[in-house]
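Understanding the architecture of this molecule
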Amino acid sequence: MSDAPKADAAVERALVAAAQRQPAAFDALYRRYVGPIYRYVRARVGNQLDAEEVTAQVFCQALAALPRYRMTEHPFSAWLFRIAHNCVVSHQRRRPALPLDAVAGPNGVHPSHEELVVRRELVREVGLAIGRLDQTRQEVLALYYGGGLRVPEIARVLGRSTASTYKLLERTVAALRRELVDKERGDGASREA
Amino acid sequence: MVLAERRDATMDAALAALYARHQPDPAFVDALRRRLRAQAEPLRAAAVEAPFGTVYVAWRGRTIWSAALAESHAAFAAVVEERCGASPLPAALPPSLAKAVAGALRGQAPFRGAVAFPGLSVFQRAVLEVVRRIPPGQVRSYEWVAREAGRAAAVRAVGTALARNPVPFLVPCHRVVRADWALGRYSGGAPDLKARLLALEGVDLEALAALRADGVRLCGSATTRVFCLPTCVAQRRVQRAHVVRFASAGEARAAGYRPCKRCRPV
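These notes cover the structure that comes with them. (Residues numbered from 1 in each chain as written. Chains lettered and ligands numbered in written order. Predicted model: local features only at pLDDT ≥ 70, side-chain atom pairs only at ≥ 80, totals over all residues. Heavy atoms only, no water.)

**So, the overall build of chain A**
The test is simple: Helix and strand definitions here come from DSSP, where helices need a minimum of 4 consecutive H or I residues and strands a minimum of 2 consecutive E residues; each element is numbered from the N-terminal end. A contact between two residues is defined here by any heavy atoms of the two lying within 4.5 Å. A 1.4 Å probe and the Shrake-Rupley method give the accessible areas. Residues count as covered only by the protein chains that appear here.
A tally of regular secondary structure across chain A gives eight helices and zero strands. Of the regular secondary structure in chain A, the N- to C-terminal order runs α-α-α-α-α-α-α-α. A separation of at least 24 residues holds for 65% of the contacts in chain A among residues at least 6 apart in sequence. When the accessible surface of chain A is split by element, carbon and sulfur atoms take 54% of a total near 10,200 Å².

**Digging into helix H4 (residues 95–105) of chain B**
What counts is decided by this rule: The classification of residues rests on relative accessible area computed with a 1.4 Å probe and restricted to protein chains. Under 20% of the type maximum is buried, over 50% is exposed, and intermediate values are partly exposed.
Where H4 of chain B is concerned, the buried positions are Leu 97, Val 101, Ala 102, Gly 103, Ala 104 and Leu 105 of chain B. Packing partners of the buried residues in H4 of chain B comprise strand S1 (44–50), strand S2 (53–60) and strand S3 (63–69) of chain B.

**Quick word on the interface of chain A and chain B**
We count it as follows: Buried area counts how much accessible surface, traced with a 1.4 Å probe, disappears from two parts once they are put together, with both parts' losses summed. What makes a salt bridge here is a side-chain nitrogen of Lys or Arg within 4 Å of a carboxyl oxygen of Asp or Glu, nothing more. The definition of a polar contact used here is a pair of N or O atoms within 3.5 Å, where within protein one atom must be able to donate a hydrogen and the other to accept one, and adjacent residues in sequence count solely through side-chain atom pairs. When residue character is reported, Ala, Val, Leu, Ile, Met, Phe, Trp, Tyr, Cys and Pro are called nonpolar, Asp, Glu, Lys and Arg charged, and the others, Gly included, polar.
In this complex, chain A contributes 48 residues to the contact, which on the side of chain B involves 34 residues. Each partner contributes to the roughly 3,700 Å² buried at the junction of chain A and chain B, and carbon and sulfur atoms together form 67% of this total. Counting across the interface, chain A meets chain B through two salt bridges. Asp 27 of chain A is the salt-bridge partner of Arg 33 of chain B, the closest N and O atoms lying 3.1 Å from each other. At the boundary of chain A with chain B, the tally comes to seven residue pairs in polar contact (both at pLDDT 80 or more). Elements supplying a minimum of two residues to the side of chain A that touches chain B: helix H2 (26–45), helix H3 (48–65), helix H5 (114–131), helix H6 (135–146) and helix H8 (162–192) of chain A. The biggest single contributor to the side of chain A that touches chain B is H2 of chain A, with ten residues. Among the residues forming the side of chain A that touches chain B, the class breakdown is 30 nonpolar, eight polar and ten charged.

The following block contains the structure:
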């Protein structure tokens, strides 16, 4: 398990080096990251059109800035997500953040199995609770679950220490769970009353 | 996931599911890939002689990225560097592109090739796409463009978008004038350049000035009972004796006229 990320990092370094020599080779990096970047952006900007707009902006800027990227400083993912983070922030400055609509409406991909229904309900509840979190916590969750970044990379993107990022993520998830549990108890209490 | 072991697995799964539910649209992924591929091509520039001066054009692949009147390649390269973040290499335009560009600069045919609008907002790009559809020899107002771009109240934002047009002449922002048919401002060059460009395409500037002096916004045909913007092609065919002039769409409607479907005056 510890070998996989290392091998992956080597592959990625090769891809980045190729793209820096020959911009047409950026395509491989694009294919690798378009999903994670989109999911991260989508979680932060709330609707498909804006998410596509911001995602396009991220990759166009990344391609233009690629010659300035120094491989020794950060992993490429942290660098790319840093651009994405900045694009999201400037997008939100232009247009105030909407609550996560990631949340509204069932997506209906799975057949209705009881377990899945329960899980879907939980997903919906969690989504609403996330919408009530502050921006930093929403950002950490979006980078971790949407972008699929590891904690040290998130720390680089947000300019915090790895330890504090770990703590922040843990506390955020714990707070979400607490809120959901409390809510359930609250519902139970009101039903009894 | 490293953290998963230290946390509630259900919670982790729910969060993972929540963030995984919106996947990028494959059509979008493809379109963006094409855009990036075009952006990865080297930026080149060439000079094209136009009736009103030497226009430099910068392109990547088959997409025009920048155009401007310039004294030299070096002067143009500085402009492009600022707009696109890269300096173009001198080159010769591919023949097909050269023909389309030359035709558009003579005001004979609209430029239908691909154009990049780096750094512009969605609305600004929508504005420039609307402007591209204004035919040579015709003018439209800022209000009209705002309405066609889907935000009727954003008239000033249209002005801003036009001022940021990276490819003047080919995206004909000079065809956008004030609603009272005064020419308005133009950032593409010398103060009379807008008038020169329009005159080259066959716009009757004296007639526009006369409309302005008389407070006329729209013209209609007494035979068809249709009202148009004054430079609409449909309007040009109306015999002089049958031309009716209106100060507003309300006045035209009250007289029993309907708006033209080609120039969409309202």
